[in-house]
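Reading the structure
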Amino acid sequence: MPLLRSWVESANAPDTEFPLNNLPYGVFSVGEGDLRCGVAIGDRIIDATGLEQAGLLRADPQADVLDAPYWNDFMELGPVAWDAYRRGLQTLLAEDADEQVQETCVAYSVPMAEADLHLPFKVAEYTDFYAGRHHATNVGTMFRGPENALPPNWLHIPIGYNGRASSVVVSGTDIRRPWGQLKSPDHDVPAFLPCRRFDIELEMGAIVGQVSNGPVSVQQADDMIFGYVLLNDWSARDIQAWEYQPLGPFQAKATATTISPWIVTKAALEPFRTATPAREKELLPHLREPGPMLYDIALNVSMQPESAAQASVIAQTNYREMYYSAAQQLAHHTTAGSPMNVGDLLGSGTISGPTKPERGSLLELSWGGKEPITLQTGETRSFIEDGDTLTLTGHAAGDGYRIGFGPCTGTVIPALDAAELPY
Ligand code: CA
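Residues numbered from 1 in each chain as written. Predicted model: local features only at pLDDT ≥ 70, side-chain atom pairs only at ≥ 80, totals over all residues. Heavy atoms only, no water.

1. Focus on the overall build of the chain
Heads up, the condition is: Segments assigned H or I by DSSP are reported as helices when at least four residues long, segments assigned E as strands when at least two residues long, and all are numbered from the N terminus. Radius of gyration means the value over C-alpha atoms here, while the globule rule gives 2.2 Å times the residue count to the 0.38 power. Only protein chains enter the calculation, and the probe is 1.4 Å; a residue is then buried if its accessible area is under 20% of its type maximum, exposed if over 50%, and partly exposed in between. In this description, contact between two residues means that some pair of their heavy atoms is separated by no more than 4.5 Å. Accessible surface is estimated by sampling points in the Shrake-Rupley manner with a 1.4 Å probe; for residues, cover comes only from the protein chains shown.
Within the chain, the regular secondary structure consists of ten helices and 27 strands. A compact globule built from 423 residues should have a C-alpha radius of gyration of about 22 Å, and the chain, at 22 Å, falls within 12% of that. Along the first, second and third principal axes, the C-alpha atoms of the chain reach 75 × 50 × 40 Å. Looking at the 423 residues of the chain, the share that counts as buried comes to 53%. Residue pairs in contact within the chain that sit at least 24 positions apart in sequence constitute 71% of those at least 6 positions apart. Accessible area for the chain stands at about 17800 Å²; split by element, carbon and sulfur atoms hold 52% of it.

2. Brief notes about the domain arrangement of the chain
Put simply, the rule is: These domain limits were set by an automatic method or by a database of domain assignments. Accessible area that two parts lose when put together, with a 1.4 Å probe and added across both, is what the buried area reports. For this analysis, a salt bridge means a side-chain nitrogen from Lys or Arg found within 4 Å of a carboxyl oxygen belonging to Asp or Glu. Whenever a nitrogen or oxygen atom comes within 3.5 Å of another N or O atom, the pair is scored as a polar contact, on the condition that within protein one atom can donate a hydrogen and the other can accept it, and that pairs from neighbouring residues in sequence are kept only if both atoms are in side chains. Gly is placed with the polar residues, together with every amino acid not listed as nonpolar (Ala, Val, Leu, Ile, Met, Phe, Trp, Tyr, Cys and Pro) or charged (Asp, Glu, Lys and Arg).
By the assigned domains, the chain splits into domain 1 (9–118) and domain 2 (126–420). Between the C-alpha centres of domain 1 and domain 2 the distance comes to 29 Å. Interface area, domain 1 with domain 2, both sides summed: about 2100 Å², of which 65% is carbon and sulfur. Where domain 1 meets domain 2, there are zero salt bridges. On the surface where domain 1 and domain 2 come into contact, there are five residue pairs in polar contact (both at pLDDT 80 or more). Elements represented by at least two residues in the side of domain 1 that touches domain 2 include exactly β1 (25–29), β2 (36–41), α2 (72–76), α3 (79–93) and β5 (116–118). For the side of domain 1 that touches domain 2, the element with the most residues is α2, which contributes four residues. Of the residues assigned to the side of domain 1 that touches domain 2, the class counts are 14 nonpolar, eight polar and four charged.

Here's what the structure looks like:
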């Protein structure tokens, strides 16, 4: 599919993240104004709440589903309404829209540079997976040796744990370094300290847009997914190493999870579908994909120390490196009977490629701290230091256009002083 041209000139630039082909959904405010639903186009945000109130574009003729600071009510309408609304937006914003329509849309829009962005949906529940083979192999090799790198179940099910929806924050939120219980290999007893090995995990987040009340097939799971965001699962490696056996991560993952501000819809990503890699072990029938359900999305991680004038790219990889798709993860999630709800967020698991510059965490990039990485400034890092800003970006590359997500960024600020703790 070529670039779809819009009368919003900035949406036709080959390097914009938000051409007419994209139309991602977010929540914005300007100054002290209310939070409103918005759609990104070029360098502007269309006020979707305003268009609905004015009767110019409605997702539901009966209800004001966009009269809310989140897209959950819209998602609940289902795939037919999602498609109709997207077609309506594309008509209003297409190059050949008449001048009256253009003028009205300009009146219901703001420059993106003047807006604050908020969480685009109410996160119902949050689950994080461990579905990147290169990541699992790297981490397993460091923790258990190359012979036991992949646990015996790994090639048969997408492994996951239930995280905290309350810890999900939007891009731009500062991240406070956590305190926690950890035990250094050099000491016999654990200590309660600020995390010393604070890290990122480069992931994609899939947003569930439909309810299920029983097991769903992989195809049904794919149909239930509304869209995708970039996701950074901030991780305290020293807390994790001490707590993770036998029930998996807990406080190591409870500080924050940052997501990018725009929900990129499955419809916008449709041209970039790709198959998961070849199976080493055949999956049981309930987890087999009936078609390509992963996406070709180039991903990039950069780090900027507080003192540095610019960020250094520290990793580049692609979402297609995942062993399991979000649809497979969602299908697996429902097998034992747990209902899924609109607004459930599924983290893909860390995305790493086969080579060193493709690793999606500092744990892997610095090989557990043994091989610090060097930034453009000449500074070195094994893990995150206070004042460092970590940014994920991603885009799918079409024919003369890109589908982007907006940055997924956060600056790590110092841990609380010991005197501020309640013990
Ligand atoms: Ca993770």
